[in-house]
Number of protein chains: 2
Amino acid sequence: MATNEVRIDAAPLKSFIQDVFTAAGMPAADAAMEADVLIWANLRGIDSHGVLRLAWYLEMIETGQMNPRPNIRTIKETPAVLYLDADKAVGPVATIPAMQRVMEKARTVGIGWAVLRNITHQGAMAYYAQMAAQADMIGMAIVCSPPNMAPFGAKAAGLHNSPIAIAAPAGKHRPLSLDMATSVAAGGKLWLAQDKGVPLGEGWALDAAGNPTTDAHAAGILLPAGGPKGSGLALMFQALTSILAGNPLITPRLNNGVNVHNQNSVVAAIDIGLFIDPADFKQEVDDTIDALKRLPRADGFDDVLMPGEPEFAVFDERSANGIPLPPGTLQKLRDASARFNIPLEIA
Amino acid sequence: MATNEVRIDAAPLKSFIQDVFTAAGMPAADAAMEADVLIWANLRGIDSHGVLRLAWYLEMIETGQMNPRPNIRTIKETPAVLYLDADKAVGPVATIPAMQRVMEKARTVGIGWAVLRNITHQGAMAYYAQMAAQADMIGMAIVCSPPNMAPFGAKAAGLHNSPIAIAAPAGKHRPLSLDMATSVAAGGKLWLAQDKGVPLGEGWALDAAGNPTTDAHAAGILLPAGGPKGSGLALMFQALTSILAGNPLITPRLNNGVNVHNQNSVVAAIDIGLFIDPADFKQEVDDTIDALKRLPRADGFDDVLMPGEPEFAVFDERSANGIPLPPGTLQKLRDASARFNIPLEIA
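Residues numbered from 1 in each chain as written. Chains lettered and ligands numbered in written order. Predicted model: local features only at pLDDT ≥ 70, side-chain atom pairs only at ≥ 80, totals over all residues. Heavy atoms only, no water.

## Digging into the overall build of chain A
No. 1: Check the secondary structure of chain A and you find 11 helices and 12 strands.
No. 2: In terms of C-alpha radius of gyration, chain A reaches 20 Å, essentially the compact-globule figure of 20 Å for 347 residues.
No. 3: Principal-axis analysis of the C-alpha atoms gives chain A an extent of 55 × 50 × 45 Å.
No. 4: Taking all 347 residues of chain A together, the buried fraction comes to 62%.
No. 5: Restricting to contacts in chain A with at least 6 residues of sequence separation, those with at least 24 account for 67%.
No. 6: Accessible area of chain A: about 12,200 Å², with a carbon and sulfur share of 51%.
No. 7: Seen as two clouds, the 27 positive and the 35 negative side-chain charges of chain A have centres 5 Å apart. (Helix = DSSP H or I, 4+ residues; strand = E, 2+ residues; numbered from the N terminus. Rg over C-alpha atoms; globule rule 2.2 N^0.38 Å. Buried < 20%, exposed > 50% of the residue type's maximum accessible area, 1.4 Å probe, protein only. Contact = heavy atoms within 4.5 Å. Areas by Shrake-Rupley, 256 points an atom, 1.4 Å probe, with all protein chains shown as cover. Lys, Arg positive; Asp, Glu negative; His and termini not counted. Charge placed at Lys NZ, Arg CZ, Asp CG, Glu CD.)

## Topic: the interface of chain A and chain B
No. 1: Every contact between the two is made by 71 residues of chain A and, on the other side, 71 residues of chain B.
No. 2: At the boundary of chain A with chain B, total buried surface from both sides reaches about 6,200 Å², with 81% on carbon and sulfur atoms.
No. 3: The interface formed by chain A and chain B includes zero salt bridges.
No. 4: Viewed at the interface, chain B and chain A are joined by 18 residue pairs in polar contact (both at pLDDT 80 or more).
No. 5: Broken down by element, the residue count for the side of chain A that touches chain B peaks at nine residues, all from helix α7 (residues 228–243) of chain A.
No. 6: For the side of chain A that touches chain B, a count of residues per class yields 52 nonpolar, 11 polar and eight charged. (Buried area = accessible area lost by both parts, 1.4 Å probe. Salt bridge = Lys/Arg side-chain N within 4 Å of Asp/Glu carboxyl O. Polar contact = N/O pair within 3.5 Å; in protein donor to acceptor, adjacent residues only side chain to side chain. Nonpolar A, V, L, I, M, F, W, Y, C, P; charged D, E, K, R; others polar.)

## Observations concerning the relation of the copies chain A and chain B
No. 1: At an RMSD of 0.0 Å, chain A and chain B line up after a rotation of 180 degrees and a shift of 0.0 Å along the axis. Taken together, these values place the two copies in the relation of a two-fold axis. The C-alpha atom lying nearest the rotation axis in chain A is that of Gly226 of chain A; the distance is 2.6 Å.
No. 2: Here 100% of the contact residues of chain A are again contact residues in chain B; the copies associate through an equivalent surface. (Least-squares fit on C-alpha atoms with pLDDT ≥ 70 in both.)

## What to know about the domain arrangement of chain A
Residues and elements named next belong to chain A.
No. 1: Split by domain assignment, chain A resolves into domain 1 (1–69 + 308–347) and domain 2 (72–183 + 224–294).
No. 2: Look at where the C-alpha atoms of domain 1 and domain 2 centre, and you get two points 23 Å apart.
No. 3: Summed over both partners, the interface of domain 1 with domain 2 buries about 2,100 Å², with 62% contributed by carbon and sulfur atoms.
No. 4: On the domain 1 side of the contact with domain 2, Trp40, Gln65 and Phe312 bury the most area, a combined 28% of that side's loss. (Domains from an automatic or database assignment.)

## Looking at the sheet that holds strand β5 (residues 137–144) of chain A
No. 1: In spatial order, the strands read β2-β3-β4-β11-β5-β6-β7 (chain A); together these seven strands make up an open sheet with mixed pairing. What marks the edges here is a single partner per strand, and that holds for β2 (73–77) and β7 (176–180) of chain A. Strand-to-strand twist of the sheet, defined as the mean angle between neighbouring strand axes without regard to direction, takes the value 10 degrees.
No. 2: Two elements, strand β6 (residues 164–168) of chain A and β7 of chain A, share five bridges in a ladder whose sense is antiparallel. Across the sheet, residue Ala167 of chain A finds its bridge partner in β7 of chain A, namely Ser177 of chain A.
No. 3: Across the sheet, helix α7 (residues 228–243) of chain B is in contact with β5, β6, β7 and β11 (263–271) of chain A; its angle to β7 of chain A comes to roughly 135 degrees. (Pairing = 2+ DSSP bridges. Axes fitted to C-alpha atoms, helices over the stretch in contact; angles between N-to-C directions.)

## Overview of the packing of helix α1 (residues 10–23) of chain B against helix α2 (residues 28–43) of chain B
Residues and elements named next belong to chain B.
No. 1: Where α1 contacts α2, the two axes come as close as 8 Å, and the packing angle between them is 140 degrees. By the angle class used here, α1 and α2 are oblique. The chirality of how α1 crosses α2 is right-handed. Contacts between α1 and α2 involve Ala10, Leu13, Lys14, Ile17, Gln18, Phe21 and Thr22 from the former and Ala28, Ala31, Ala32, Glu34, Ala35, Asp36, Leu38, Ile39 and Leu43 from the latter. (Parallel < 35°, antiparallel > 145°, perpendicular 65-115°, else oblique. Left-handed = near helix turned anticlockwise from the far one by under 90°.)

## Description of the sheet that holds strand β10 (residues 219–222) of chain A
Residues and elements named next belong to chain A.
No. 1: The three strands lie next to each other as β9-β8-β10, forming an open sheet whose pairing is antiparallel. Strand pairing shows two members of the sheet lacking a second neighbour, β9 (212–213) and β10, which therefore form its edges.
No. 2: Of the pairings in the sheet, the one linking strand β8 (residues 205–207) to β9 comprises two bridges and is antiparallel in character. Bridge pairing in β9 links Leu206 to Pro212.

## A short note on the packing of α7 of chain A against helix α9 (residues 278–293) of chain B
No. 1: Remark: α7 of chain A packs on α9 of chain B, axes separated minimally by 11 Å, with the N-to-C direction vectors making an angle of 140 degrees. For the element pair α7 of chain A / α9 of chain B, the angle class is oblique. Crossing hand, α7 of chain A versus α9 of chain B: right-handed. From α7 of chain A, Leu235, Ala239 and Ile243 of chain A reach across to α9 of chain B, where they touch Phe281, Glu284, Val285, Thr288 and Leu292 of chain B.
No. 2: Here the residues of the contact of α7 of chain A with α9 of chain B are counted per class, giving six nonpolar, one polar and one charged.

## Looking at the pairing of strand β5 (residues 137–144) of chain B
All names here are of chain B.
No. 1: Of all eight residues that make up β5, eight are buried, and the element is covered over most of its length.
No. 2: Bridge analysis of β5 against strand β11 (residues 263–271) gives eight bridges, and the strand direction is antiparallel. Paired with Ile142 across the bridge in β11 is Val266.
No. 3: Both β5 and strand β6 (residues 164–168) contribute to a ladder of four bridges, which runs antiparallel. From the neighbouring strand, Gly139 faces β6, where its bridge partner is Ala167.

## Here we look at helix α3 (residues 54–62) of chain B
All names here are of chain B.
No. 1: Looking at α3, one finds that the buried residues are Leu54, Trp56, Tyr57, Leu58, Met60 and Ile61.
No. 2: Considering only its buried residues, α3 is in contact with α1, α2, α6 (187–196) and α11 (327–340).
No. 3: Among the residues trailing α3, Gly64 stands out with phi positive, at a value near 85 degrees.

## Considering the pattern of salt bridges
Residues and elements named next belong to chain A.
No. 1: Applying the stated criterion across every chain, the model contains 24 salt bridges over all chains.
No. 2: Salt-bridge contacts for Asp290 lead to Lys172; the nearest nitrogen and oxygen are separated by 2.8 Å. Of this pair, Asp290 sits in helix α9 (residues 278–293) while Lys172 sits in the loop between β6 and β7; the two residues are 118 residues apart in sequence, bridging distant segments of the chain.
No. 3: Lys172 sits in the exposed class, given a relative accessible area of 63%.

## Structural notes on the pairing of β11 of chain A
All names here are of chain A.
No. 1: Of all nine residues making up β11, nine are buried, and the element is well covered by its neighbours.
No. 2: Here β11 shows no split at all, with Gln263, Ser265, Val267, Ala269 and Asp271 on one side and Asn264, Val266, Ala268 and Ile270 on the other all buried.
No. 3: Examined bridge by bridge, strand β4 (residues 111–119) and β11 share seven bridges and lie antiparallel to one another. From the neighbouring strand, Ala114 faces β11, where its bridge partner is Val267.

Here you go:
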């Protein structure tokens with residue numbers, strides 16, 4: 001742990017976050033869902049999607065971009081598909097129930113696929129994919145927001161670095177849990193570098209003028225992973241979410257300068273039991289992991305890590321020892337503590 | 001066109017390929033499907049998935065890895081899901097009808113999702129995704145074969161560089177059509193470099209000992225695009241196809257040295273009309289393309305190309321002027337011509 005970080009246990013931090021969101025106008029049960037998703041990200045070491053987002057969330061509630069008491073509405077429903085308008089709900093408040101509903105559909109017809117329009121920040125998408133994996137399903141989640149990434153060939157933002165999460169259960173091993181942005185680095189990694197006061201990696205980002213930068217404060221435009229591959233995936237994810245849901249987020253920004261946060265999302269589940277005995281599936285995932293870990297290592301590697309494996313290790317460590325908070329993030333929490341008069345207990 | 005290449009029109013080349021596959025034991029209608037998918041790839045400039053595969057296909061029919069007269073069987077079916085055993089069918093023979101069936105499901109319940117087990121090489125996966133896009137749907141296709149790519153952190157093959165294709169319709173523009181391997185370069189690009197006698201790009205591949213190489217003949221192991229991202233996607237695609245379908249392809253190779261070609265696949269379609277008027281969807285795709293193309297260019301780029309755009313341009317040119325064949329590919333065709341006594345007409 002960096003010496004300028006303090007540790008705080010997950011339980012009191014979650015309780016604090018829940019209280020802040022309740023004070024900001026959310027029903028207590030909804031605030032608990034939001035707090036759970038944020039703390040889960042911190043526990044897994046995905047601090048970019050953890051409590052450092054608190055100030056931004058509160059600002060979005062204040063400006064009306066995030067609705068603390070949404071009227072979530074089913075627009076269309078079939079045995080396999082769910083199409084929801086989230087009424088600018090705080091992400092998890094619409095997404096957790098949507099994932100539960102597609103899992104019910106998957107149990108009946110093998111797959112459930114939800115499109116959520118007009119939602120706001122959902123946190124770490126692996127949370128939703130893992131809900132399915134815990135129920136012997138393969139889970140998927142995709143989200144698109146306004147542009148923050150340069151399409152391949154451009155030096156200005158034109159696409160969102162839309163992440164995709166896919167999770168599948170294992171047996172003796174932890175689930176396979178991929179959660180990747182289509183950019184070289186996730187956007188929250190820039191925020192985290194700001195909070196930590198450290199430079200960005202080379203090739204992560206451009207400044208507002210389109211020049212490469214490693215200055216976290218100057219960086220404004222992400223770059224796609226694998227050039228045309230990350231760029232192409234991000235565009236197709238826009239088609240599967242924002243354009244399909246009639247809530248485009250690219251053209252309003254690029255053509256009319258609209259600058260609000262909003263997003264559209266897919267969450268989906270496939271029931272393993274329709275195809276194969278889930279016990280056999282999990283045994284084969286285990287065997288695959290074991291076989292991959294026996295491969296000769298590339299230079300500089302002492303393990304072949306599975307998707308999500310580093311995060312599960314951090315989860316265990318932080319569950320035992322608390323969540324480290326860098327100074328910038330801690331200050332955001334202290335600000336919220338003062339504003340809402342909710343005590344923040346630091347060990 | 002390289003001076004050592006000859007051009008041949010699509011129609012006689014397709015007819016030749018169909019005749020060869022018919023002579024090799026396939027029903028004429030099945031041979032026509034296979035020829036159409038191969039020639040389509042050549043017309044789009046994806047020569048790595050075109051007729052250069054002919055000799056390999058014939059060899060797989062001879063060795064029993066590819067079944068020219070398969071008994072394709074529906075294992076399970078729900079209103080949304082189709083689960084097929086392809087009986088080692090030549091890829092398109094099972095995949096084209098499967099895509100048609102999931103499109104029917106999508107028309108009824110909004111999505112159709114097929115898992116195909118025990119299939120063989122399907123050619124360019126964009127072919128299937130575009131079938132859906134032509135019917136006002138979003139199409140998807142994923143395939144997994146035995147290992148040919150090093151997982152991130154290893155220097156031996158442990159994953160397939162599983163490609164994913166996603167296509168969505170546009171209005172005045174050509175459809176968006178992503179078709180990408182999860183490796184830096186598609187495997188067929190190595191074959192093409194062999195046929196052309198040119199070196200590989202840096203960072204594409206390792207030799208059998210796990211050392212980096214640009215020698216197309218020495219290269220045996222592909223490298224993942226974006227490091228852990230391409231590697232992670234490839235593993236999750238295995239879970240969605242081979243492991244889910246109870247036809248694992250990684251552990252038999254890594255643990256027991258099994259060396260046969262076989263693959264498992266997903267093809268899926270989502271009906272746009274369930275969510276939004278398809279005319280509005282296509283207008284927004286057009287507007288998005290136009291907005292992205294107006295962005296300032298990165299250094300060295302004079303256009304922001306959409307997924308599939310280069311291939312559509314080559315398609316137009318080759319449809320007019322014929323398909324160029326490098327010497328290695330032409331020799332493969334001449335060999336088949338001699339073997340089956342089917343004339344190959346070169347302009």
